[in-house]
Each structure stands twice: as C-alpha cells, then as structure tokens.
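Coordinate inspection notes
Chain by chain, the residues run as shown.
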Amino acid sequence: MTARDERNATLRWGVLGATSYIAGHLMPAIAATPGCTLAAVASRPERAAAAAGLGRALGATAHRDYATLLADPAVDAVYVPLPNTEHVEWTLRALAAGKHVLVEKPMAMDEDGCARIEKAAGAASRTVMEAFMYRFHPQQRRAAEILASGEIGELRLVRASFAFRIEAGSGNIRLDPALGGGATWDVGCYAVDVPLLFFGQAPRQVSARFSSRPGLGVDSSAVATMDFGQGRSAVVDYSIDYGPRAAYELQGTRGTLTVRNAWAMGGEDGVITVLTTDGVREETIPATDHYQRQVEAFARAVRGGGPAPMSLAESRRTARVGSALVASAAAGGAAVDITGVSDTVPEGL
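The sections below set out a description of the structure shown in this document.

**Let's talk about the sheet that holds strand β4 (residues 77-80)**
In a beta sheet, neighbouring strands are held together by backbone hydrogen bonds and run either parallel or antiparallel to one another. Here we have 6 strands laid out as an open sheet, ordered β3-β2-β1-β4-β5-β6, and parallel in their pairing. Of all the strands in the sheet, the pair left with one neighbour each is β3 (61-63) and β6 (128-131). On average, adjacent strands in this sheet sit at an angle of 25° to one another, irrespective of strand direction. Pairing between strand β2 (residues 36-42) and β3: 3 bridges, direction parallel.

**Here's the deal with the pattern of salt bridges**
Following the criterion strictly, the structure yields 21 salt bridges and no others. Between R135 and D193 there is a salt bridge whose closest N-O contact spans 2.9 Å. Residue R135 is found in the loop between β6 and α7 (138-149), and its partner D193 is found in helix α8 (residues 187-199); the two are separated by 58 residues along the sequence. Each member of the pair, R135 as well as D193, carries the same accessibility label: buried. E283 is the salt-bridge partner of R281, the closest N and O atoms lying 2.6 Å from each other.

**Re the state of the cysteines**
In protein structure, a disulfide is the covalent linkage between the sulfur atoms of two cysteines. Applying the stated criterion across every chain yields a total of 0 disulfides. In this model C114 remains outside any disulfide bridge; the closest cysteine sulfur is found in C189, 10 Å from its own.

**Some remarks on empty space enclosed by the protein**
As enumerated under the stated definition, the model contains 1 cavity of 30 Å³ or more in all. As for the largest cavity, its lining consists of T184, W185, G188, C189, V192, T318, G322 and L325. Elements with a contribution of two residues or more to the lining of the largest cavity: α8 and α10 (312-330). Taken together, the residues of the lining of the largest cavity sort by class into 4 nonpolar, 4 polar and no charged.

**Topic: the side chain of Q292**
If you trace the backbone, Q292 turns up in helix α9 (residues 290-304). If we skip the residues at most four places from it in the chain, Q292 touches A29, A32, T33 and P34.

**Some details on the sheet that holds strand β9 (residues 221-229)**
The strand order across the open sheet formed by 9 strands is β14-β13-β12-β11-β7-β10-β9-β8-β15, and the pairing between neighbours is mixed. The open sheet is flanked by β14 (279-285) and β15 (336-337), the only strands paired with a single partner. Of the strand pairs in this sheet, strand β11 (residues 245-252) and strand β12 (residues 255-259) are connected by 4 bridges, and their pairing is antiparallel. Across the sheet, E249 pairs through a bridge with T258, a residue of β12.

**Digging into the packing of aromatic side chains**
Per the counting criterion, the structure on display carries 12 aromatic pairs. Ring geometry for F162 and Y190: centres 5.7 Å apart, planes at 70°, overall edge-to-face. Of this pair, F162 sits in strand β7 (residues 155-163) while Y190 is found in helix α8, placing the two residues 28 residues apart along the sequence. Judged by its relative accessible area of 11%, F162 falls in the buried class.

**Brief notes about the pairing of β12**
The buried fraction of β12 amounts to 4 of the 5 residues, a majority that puts the element mostly inside the structure. Between the end of β11 and the start of β12, which pair antiparallel, lie 2 residues.

**Section: α10**
If you check α10, its first and last C-alpha atoms are 27 Å apart, about what 19 residues at 1.5 Å a residue would give, namely 27 Å. Directly after α10, the chain includes G332, whose backbone phi takes a positive value near 75°.

Parameters at a glance
Residues numbered from 1 in each chain as written. Predicted model: local features only at pLDDT ≥ 70, side-chain atom pairs only at ≥ 80, totals over all residues. Heavy atoms only, no water. Pairing = 2+ DSSP bridges. Helix = DSSP H or I, 4+ residues; strand = E, 2+ residues; numbered from the N terminus. Axes fitted to C-alpha atoms, helices over the stretch in contact; angles between N-to-C directions. Salt bridge = Lys/Arg side-chain N within 4 Å of Asp/Glu carboxyl O. Buried < 20%, exposed > 50% of the residue type's maximum accessible area, 1.4 Å probe, protein only. Disulfide = S-S within 2.5 Å. 1 Å grid on protein atoms, 1.4 Å probe; cavity = no way out; pocket = protein on both sides within 12 Å on 5 of 7 lines; lining within 4 Å. Points joined across faces, edges and corners; volume = space filled by probe spheres on them. Nonpolar A, V, L, I, M, F, W, Y, C, P; charged D, E, K, R; others polar. Contact = heavy atoms within 4.5 Å. Phe/Tyr/Trp six-rings, centres within 6.5 Å; stacked < 30°, edge-to-face > 60°. Expected span 1.5 Å × (residues − 1).

So, in structure tokens, the structure goes:
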C-alpha cells in the first residue's frame, strides 16, 4: 500500500499466533472495527489445523507459518501476541516485510530490544505500538480528568495491584522461563504501567522483591516500590499465585481516587470511587471493548501517519523499569537507580 492508499483504504490485518488466548480477544476486535479487516492468520506448525479452522471461520487466509504471512501482499498490519522472548524478532521481521505492527506487551524485555525496534520502524516508515489495551478504556481517561481537575489535589502516591492464579501443570506459557514467563513480564507490566501513566514519567529509583511458587521456575509474586522524587511514590504488587485482584488507587493531597476494575473485560462496567473531605461519590463507566478501542487508535495512527498513542519512548521506559525491577529482586531488594528514560506523557489519554 502507498501512504495515500492507507489514508482511505481498509487496513488489512494478519495475526501471528492466532490460536493464542490473547489473539482470541484481538481478532473479534479487528473484525468489529470499521475500516479494518482480518485478512490472514498463522500459528505454530503443530497448531496449523487449528489456525486453518480459525481462518475458515473468520474469512481469513490461513498461512502455513509466520514467514509466509509476512510475505503476503494482502496484509498491511500485523499483530504479534507470541511468547515474550519472540516479540522483538517477529516485530523486526514484520517491519522488514513492510508491515505496521501492534505487538503485545512487553514489546521487549530490555531497553535495547525496544531501541532496535524503534530504529527499524523509522527506517521502514512504519507504525509500531505496544499493546496496553487497558489504556484505551474510557475509565483511564476519566481518572486522568478527575486528577487534572484538582478534586483530589496533587498526586502523591499510586498503588496498583493485578493478580490471578495460574495453576502449575496447566501448560500455560507464562510458567515457562524459556519463553519469558513469570509474573513480572505478564501481569506486572500492567501494574507497573499505572504509576508511569499517571505520573507521566519514569521513577528515579525502584526496589522489588520477588517470590516463586515451588517448582515453577519463574517469579510468581512481587511487591515493588518506586520513587518519583518530590515526595511522590508508588507501591505495586502483582501475582500469578493469588487473586483475583485488579485495582489501582491515586492518592492526592486532598483525597483518593480508586479504580475498582482496572483491567475490565468487554462486558464489565468500570467503577471509579472518589473520597475527599466532602464525602464519597462513585462514577460508573459503561462497559466497552478496550481491545477494539486499541485497534481503532492504532488504525488512526497508521492512516494519519502520526505517532502511535502508546509511544516507542514510553515502551523503552517500560522495558527499562521492568529490567530494573528484575535487577533489584536479584540483589535481594536493593534499590536500583534509573536515569535517562523518556518522560513522555501519552498523547491520547
């Protein structure tokens, strides 16, 4: 497609790892988004029959492998929901094939991987965005509006928690250390992103302690603290040992804002509670599919030729903070300084 074509034509998507759990959320979202269509799917060779069935059901071409899908001229954009260790490789390969890329979080498990992707995206003049679907739910925008209004005062502390249990022996790739498994690079990414989002910058220093359920071989629970300077802090916990829990709290100098269901599914309302000296009030944010809203935002960025609403600078920041948490935990919870990361605030929030 030419740049002129992309401003007006249907954005044709291909999905790698189409039989994965998370792809099962994105593919219906693509199909439901005006101006987008699911054109092609591919999976691992051992899942080829399942991918072929999906293709038939969704009206998409089923390719025999990932490389063949990337070579398909009828695909403009690729969604990459593969295991964490494969995100950088297949994002780079998709860019080399001239595709735009929406890649699941974490974009990379270190800052260098993000930098390589950013360089390749610039060289290819393609849009790349890390998939943090919760950012596109209107309850996050509403929380930001309330914070900006001054109702709870100046933000001083963010608490975020995301947890659910994954049973051992389930075959879940999040339990496989060879595939980048563990709580930090899965549920932890979301919980850690909340203070980065609302403070609009990276912390100066982080400290973390991990624990691991016997026999898992990956970190399964964590508690972390972050120092943002000027009396501003965050406390984050996440786990694949316990749950369910999915909430965050913004503590200001005059009150508290709590988002009860921070990572709501498509059919669940969002609930925001505000507590100040004036009393308590609640707002209900109607249910919406934040996966579809993410697809819509990505498609707008592709058509407009502008930056993605989740910027590559933010993805570098996220990877650097995650790496620092891992380093702190390995050092028994010792504080790790973070410098030189972008303070970009997401344009679309």
